[in-house]
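Observations on chain architecture
Here's the letter readout for the chains.
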Amino acid sequence: MKDIKLDELEIINFKGVRNLFIKADGKDLNVFGENASGKTTISDGYSWLLFGKDSRDRADFSIKPLLKSGEQVHHRDSSVSGAFTVNGTALSLKRVFHEVWTRKKDSPKETFSGHETKYYINGVPSRKREYDLQVINLVNGDEKLFKLLSSPTYFSETLPWKERRSTVLNICGNVADKDVIAANPELAELPEILGSHSIEDYRKIVKEQQKNINHQLKSLPDRIDEANRAKSDVGGLSESELEKQASDIQEKINEVDDRIAQIRSGGEVTELKNKILKIRGEQQEFRNGYQSDLHKKIDDLRIEYYDRKVIVDKGNRRIKEIEEANLKKQNVIARLKGKAEDLRHEWASVNAEQFNFTGVTICPKCGQDLQPEKVEDARKHAEQHFNLKKAQRLESIQNEGKDTMAKVSELEKEIKVSNAEVEDTRADLSKKTAALNALKAEIDELNTGTSSVMDDPKYQEFGNQIAKINREINDIRESTDFVIMKANEEKAKLRAQQANLATVLGRFETNRTQEQRILELEQLEKDLTKKFERAEYIQHLTDVFTETKVNMLESRINGKFKFARFKLFDRQVNGSLADVCEITFEGVPYSDLNNAARINVGLDAIETLSEFYGIRVPIFVDNRESVTNLAETDAQVVSLIVSAEDKELRIVNRSEITEEVI
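Given the structure is predicted, the values throughout are model-derived calculations rather than measurements. (Residues numbered from 1 in each chain as written. Predicted model: local features only at pLDDT ≥ 70, side-chain atom pairs only at ≥ 80, totals over all residues. Heavy atoms only, no water.)

Notes on the overall build of the protein chain
On a plain count of helices and strands, the protein chain comes out with 14 helices and 15 strands. Against the globule reference of 26 Å for 662 residues, the protein chain gives a C-alpha radius of gyration of 55 Å, more extended than a compact globule. Structurally, the protein chain occupies a C-alpha span of about 170 × 90 × 40 Å along its principal axes. Counting only residues that meet the buried cut, the protein chain has 36% of its 662 residues in that class. (Helix = DSSP H or I, 4+ residues; strand = E, 2+ residues; numbered from the N terminus. Rg over C-alpha atoms; globule rule 2.2 N^0.38 Å. Buried < 20%, exposed > 50% of the residue type's maximum accessible area, 1.4 Å probe, protein only.)

What to know about the pattern of salt bridges
Applying the stated rule across the entire model yields 42 salt bridges. Between E321 and R318 there is a salt bridge whose closest N-O contact spans 3.9 Å. You can see E321 and its partner R318 sitting in helix α11 (residues 293-351), 3 residues apart, about one turn around the helix. Judged by relative accessible area, which is 46%, E321 ranks as partly exposed. Within the structure, one salt-bridge network assembled from shared partners comprises K53, D57, E143 and K147. (Salt bridge = Lys/Arg side-chain N within 4 Å of Asp/Glu carboxyl O.)

Thoughts on the sheet that holds strand β10 (residues 588-589)
Reading across from one edge, β8-β9-β10 is the order of the 3 strands in this open sheet, with antiparallel pairing throughout. This sheet does not close on itself; its edge strands, each paired only once, are β8 (565-571) and β10. Judged from the 6 bridges that link them, β8 and strand β9 (residues 577-585) form a sheet pairing that is antiparallel. Looking across to β9, one finds that K567 is bridged to E582. Sheet contacts for helix α5 (residues 161-172): β8 and β9; angle to β9, the most-contacted strand, approximately 80°. (Pairing = 2+ DSSP bridges. Contact = heavy atoms within 4.5 Å. Axes fitted to C-alpha atoms, helices over the stretch in contact; angles between N-to-C directions.)

As for the packing of helix α3 (residues 143-150) against helix α14 (residues 595-613)
Contact pair α3 / α14: the axes reach a minimum separation of 8 Å and the direction vectors enclose 140°. Between α3 and α14, the crossing angle belongs to the class labelled oblique. In this structure, α3 contributes L145, L148, L149 and S150 to the contact, and α14 contributes I606, L609, S610 and Y613. Taken together, the residues of the contact of α3 with α14 sort by class into 6 nonpolar, 2 polar and no charged. (Parallel < 35°, antiparallel > 145°, perpendicular 65-115°, else oblique. Nonpolar A, V, L, I, M, F, W, Y, C, P; charged D, E, K, R; others polar.)

Observations concerning the packing of aromatic side chains
This model, assessed by the stated rule, comprises 14 aromatic pairs. Between F612 and Y613, the aromatic rings sit 4.9 Å apart at their centres with planes inclined by 85°, giving edge-to-face as the arrangement. Judged by relative accessible area, F612 falls into the partly exposed class, the value being 36%. Taking relative accessible area as the criterion, Y613 reaches 28% and is therefore assigned partly exposed. Of the aromatic side chains, those joined through ring pairs into one cluster are Y46, F51, F84, F146 and F620. Above the plane of the ring of F32 lies R650, whose end atom (NZ or CZ) is 4.2 Å from the centre. (Phe/Tyr/Trp six-rings, centres within 6.5 Å; stacked < 30°, edge-to-face > 60°. Lys NZ or Arg CZ within 6 Å of the ring centre and 35° of its normal.)

Observations regarding the nonpolar core
In this structure, L9, I42, L93, F155 and F566 are the most contacted members of the largest nonpolar core, which totals 81 residues. Looking at this core, the element that brings in the most residues is helix α13 (residues 457-558), giving 8 residues. Each residue touching F566, except ones within four places of it in the same chain, is listed here: F155, V168, E554, I557, N558, F561, C581, E582 and I583. Counting residues in each nonpolar core, the second largest holds 14 residues, with L242, V504, L505 and F508 among its members. (Core = buried A, V, L, I, M, F, W, Y, C linked by side-chain atoms within 4.5 Å.)

Let's talk about α3
The buried count for α3 comes to 6 of 8 residues, which makes it a mostly enclosed element. Taken together, the buried residues of α3 touch α1 (39-51), α4 (154-158), α14, β11 (615-616) and β12 (619-621).

Brief notes about a nonpolar patch on the surface
Nonpolar side chains collect at one region of the surface, where F482, V483 and M485 lie side by side and expose about 260 Å² of accessible area between them. Residue position: F482 is located in helix α13. For F482, a relative accessible area of 46% gives the class partly exposed. (Patch = residues over 30% accessible without salt bridge, like charges linked within 9 Å, V, L, I, M, F, W, Y side chains within 5 Å. Areas by Shrake-Rupley, 256 points an atom, 1.4 Å probe, with all protein chains shown as cover.)

With respect to the packing of α5 against α14
One can describe the packing of α5 onto α14 by two numbers: an axis separation of 10 Å at closest approach and a directional angle of 55°. By the criterion of interaxial angle, the relationship of α5 to α14 is oblique. The crossing of α5 and α14 is left-handed. Contacts between α5 and α14 involve T167, N170 and I171 from the former and T608, L609, F612 and Y613 from the latter. Across the contact of α5 with α14, the residue classes tally to 4 nonpolar, 3 polar and no charged. (Left-handed = near helix turned anticlockwise from the far one by under 90°.)

As for the pairing of strand β13 (residues 637-642)
The buried fraction of β13 amounts to 5 of the 6 residues, a majority that puts the element mostly inside the structure. One ladder, built from 5 bridges, connects strand β3 (residues 29-33) with β13; its direction is parallel. Each residue of the ladder has a partner; that of G33, found in β13, is V642. For β12 and β13, the ladder comprises 3 bridges, and the chain directions are parallel.

Digging into the environment of L327
In this fold, L327 is placed in helix α11. Sequence separation between L327 and T513 is 186 residues, and the spatial gap between their C-alpha atoms is 48 Å.

Concerning the confidence of the model for the protein chain
With 94% of its residues at a pLDDT of 70 or more, the protein chain shows a mean pLDDT of 85. The low-confidence segment residues 657-662 (pLDDT under 50) makes 12 contacts with residues lying over four places distant or belonging to another chain. (pLDDT = per-residue confidence, 0-100.)

Brief notes about unusual backbone geometry
Even without being glycine, D25 reaches a positive phi, approximately 55°. The class for D25 is partly exposed, based on a relative accessible area of 34%. Residue N623 is not a glycine yet carries a positive backbone phi of 55°. Mapped onto the elements, N623 comes out in the loop between β12 and β13.

Here we look at the environment of Y459
Positionally, Y459 belongs in helix α13. Sequence-wise, Y459 and R95 are 364 residues apart; in three dimensions their C-alpha atoms are separated by 141 Å. Apart from the residues lying within four places of it in its own chain, the contact partners of Y459 are Q283, F286, R287, V453 and M454.

Focus on the pairing of β9
Two strands pair when backbone bridges link them, and β9 and β10 are joined in this way by 2 bridges, in the antiparallel orientation. Its bridge partner being in β10, F585 is matched across the sheet by V588. Between β9 and β10, which pair antiparallel in sequence order, lie 2 residues; one of them, E586, sits at a positive phi of approximately 55°.

Observations regarding the environment of D307
Its location among the elements puts D307 in helix α11. Note on D307: relative accessible area 45%, which makes it partly exposed. For the pair D307 and C366, spaced 59 residues apart in sequence, the C-alpha separation works out to 93 Å.

This is how it looks when you write it as structure tokens:
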């Protein structure tokens, strides 16, 4: 046990005290004085000497004496020094608040520039760090412990209740969970329920489970109602009849397709083309017999001319075809680039998706909560599955984007090749057109005054027959296109009817899906209700555990104190227990006690704390005049007593030695 006694205390120019010397010799002191006579200053000076703070734990307070005008008194050091005995070893400490005055260059007067604090240990000037270390060693390295042991009200009034509760439990020792369970047969099932969890952790788990279950239960009626509203009205409709109608329509569509195929495979056009070939053969024979040498030359030139003209015309048509094809490809490229942009947005959206675990945490066989490690395994598995699916989706989108841009690149290459072909064709046509024009000029020159087989009526008749047959072919083709067009219109109407039936049939499938969903939600509601009831039962067991532990703890704790009694738990309106730390004396709450009872309860607490921590320090008791019988304590007690008769401080120690107050 470390026993610290105050032997002497000297206060100079500190607050309202000019010079006060107290000789205690380690004995109890009674300090008498009327209000504002300086009793609290003694307590403030003592606290400042040790910790640089006043008795209310303030570091920023007025240390220096004040004039009646309110101004500080200058050119005086404020100091407090104390002599202690620590387990028989003497120790002196001194703290000085010193004014610093400086004389600036070329100025005859000194000016006040601030303060500095000086420290002395056993009369030796010391640094602040050394001084603080010396003081903190006095109270085993804990400044707060010193305040607990030196003030009867600090533990009960200043210390936060959670720290007060922790201190009490630390002193008296906790009750092992197994002892609590053994003390109440109702708790026999609790160890199996808890597993490796503590009571506190499992209460949090159960509370979170109840919160989640409640949240799900509240949402279920809306979800069931939503599923009901998602069902379609199919009153008076027969699904089997609709399916038969859909089958009949499909058969009609197949019949139309067969009819179109038959039209397109007709042989009438082929027969007419063969007639043209025959007439052209006869035309050629007539021309061969008609032509003389000149005629033959002219005809040969004309044939050559028309053959070349065919080539030139074909080249022009080819250019036109390429340009039209390139225009279509440009349109396709624009659509593909739009699709690529959509894929980029889709990839970004999928990439931004975050994993949200909604897996099962209840065993489907026994209905109990899964072990946390199994839940964590399930969560990890679900997260891995999510990440795999996400990666696959991203890869699919990326591959589709690559394929799309590859098609764009391929089309652009085709356009480039086609443009090159157009340029080459135009260059070639330029030469061929020039040669064609030259050939035409030669023919015109030879034809001057010369008849041609082309002008012969019989020869022209061959051409007329060929033109007539070509018109017949065109008429047949136009007629075929019209018939096919009508057939396609008929098929489009059938397709529309088929789509309408598919929509109606889809309602039946939707209704089956929603009905199944409603059954699942109703079953989920039953399962969740059972889980909630189980959670409530477990919560009840933890409450019984806590209540049993409360009784055991409070019994053990109250046995450590003479006067003070402690209430560590409070029953809430909802029936749960909340941690508290309320002090009572003879059944009266601390807040309702008179000053005398509060002081004695505080001294009782200090005595227990001193025994536990193995240290006694001087105790300052303010308003001591209200206490007739002070609780016994082995620590040195400094009582601050209001006395209207004592205009100046009167200090009496246990040997009734009066100290002079200057």
